[in-house]
Amino acid sequence: MNRKIKTWRNPYDKGFSTCRRKEIEINPGVTVLVGCNGAGKSTLLHNIRDEIKKENIPVFVYDNEKEGGSNSISESAFYNDFSFVTTAAYSSEGENISLNLGKVASKLRGFLQTGEIKDDIASAFAKIFSNKQDKKIISNERWILLDAMDSGYSIDNVIEMKKFFQMIIDDAKKMDVEVYIVVSSNEYELVHDSDCFDVMEGKYIRFDCYEDYKKFILRSREKKDKRYKE
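Everything numeric in this text was worked out from a predicted model, so none of it was measured. Every chain is numbered independently, its residues counted from 1 as its sequence is written. With the structure being a predicted model, the display of local features is reserved for residues of pLDDT at least 70 and the display and counting of side-chain atom pairs for 80 or more, all residues being used for whole-chain, interface and lining totals. For the side-chain quantities, the full set of heavy atoms in the structure was used; hydrogens and water were omitted.

Asker: Looking at this model, I keep getting lost on the side chain of Glu141. Mind explaining?
Answerer: In DSSP terms, a helix is any run of H or I states spanning at least four residues, a strand is any run of E spanning at least two, and both are numbered starting from the N terminus. You can see Glu141 is positioned in strand β5 (residues 141–147). Classification of Glu141 by relative accessible area gives buried; the value is 3%. Each polar contact in these results corresponds to two N or O atoms within 3.5 Å; when the atoms are within protein, one needs to be able to donate a hydrogen and the other to accept it, and residues that are neighboring in sequence are counted only if both atoms are side-chain atoms. Within the structure, the side chain of Glu141 is placed 2.5 Å from the side chain of Arg3, a separation counted as a polar contact. Between two residues, a contact is recorded if the distance between any of their heavy atoms is within 4.5 Å. In contact with Glu141, not counting residues within four places along its chain, are Met1, Arg3, Ile57, Pro58, Glu178 and Tyr180. Only protein chains enter the accessibility calculation, which uses a 1.4 Å probe; a residue is then buried when its area is under 20% of its type maximum, exposed when over 50%, and partly exposed in between.

Pasting the structure below:
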């Protein structure tokens, strides 16, 4: 089922909205948000997160720049996962990306089944000081929002990631769960042969070759610059 999302209007008081349309539709499966840097990919991702949460639908959010690298090592140390800490400390950047992807995968298995996420450091402390009961999950939808997934990734990492997405979709079908994977990225290897979503125009688009994608990014930059000048 395509999910309708209301888009933020003038979210940062800069005189423009997240995208041109007041309402967008996101398809089940993998959607890659595309646009030049500063076009609003992360903003639209946050927009989707907030709108979905209003309906108490399970959402898994991962920001590669904030939660990868040293932050991932810190979280593992907090939970006494020193095997991960030791391996990460002596691994290359590419190996660490694979490690973090594996860590995300372990969290997503439980998320698909229950709609709940293994606690991170922030939520662990929040539960200690809160008496609020979690709302019961009643939806069969699962939303996985992944930001900055081109940061530090090589071609082989991206190929591995696309296989990982397909694994999630296959597992979701077995569980009779409808999964939406929305990814923010400018990496062509991820964009190629994928359902892409133009964040400025609010519609799906596909790219047959790198030159088409390159032209799109340059047009996107022109639109962004014009938007800021208006």
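Still more ground to cover, so stick around.
Asker: Where do I start with the pairing of strand β1 (residues 3–6) in this structure?
Answerer: Burial along β1 is one-sided: the face carrying Arg3 and Ile5 is buried and the face carrying Lys4 and Lys6 is not. Two strands qualify as a pair provided DSSP detects at least 2 bridges between them. In this structure, β1 lies alongside strand β2 (residues 23–26), joined through four bridges in antiparallel fashion. Bridge pairing links Arg3 to Ile26 in β2.

Asker: What's the story with empty space enclosed by the protein in this structure? I'm lost.
Answerer: Which parts of space are left empty comes out when a probe the size of a water molecule is rolled across the atoms. A cavity, in this analysis, means grid points on a 1 Å lattice covering only the protein atoms where a 1.4 Å probe fits yet has no way out; a pocket is instead an open set bounded by protein on both sides within 12 Å along at least five of seven lines, and a residue lines either one if it has an atom within 4 Å of a point. Grid points are joined across faces, edges and corners, and a volume is the space filled by probe spheres set on the points. This structure, assessed with the given rule, holds one cavity of 30 Å³ or more. Its volume calculated, the largest cavity comes out at about 60 Å³. In terms of lining residues, the largest cavity is bounded by Ala105, Leu108, Arg109, Leu112, Phe164, Met167, Ile168, Asp171 and Met175. Those elements that provide at least two residues to the lining of the largest cavity are α5 (93–114) and α7 (155–174). Classification used: nonpolar for Ala, Val, Leu, Ile, Met, Phe, Trp, Tyr, Cys and Pro, charged for Asp, Glu, Lys and Arg, polar for all others including Gly. For the lining of the largest cavity, the class distribution of residues is seven nonpolar, no polar and two charged.

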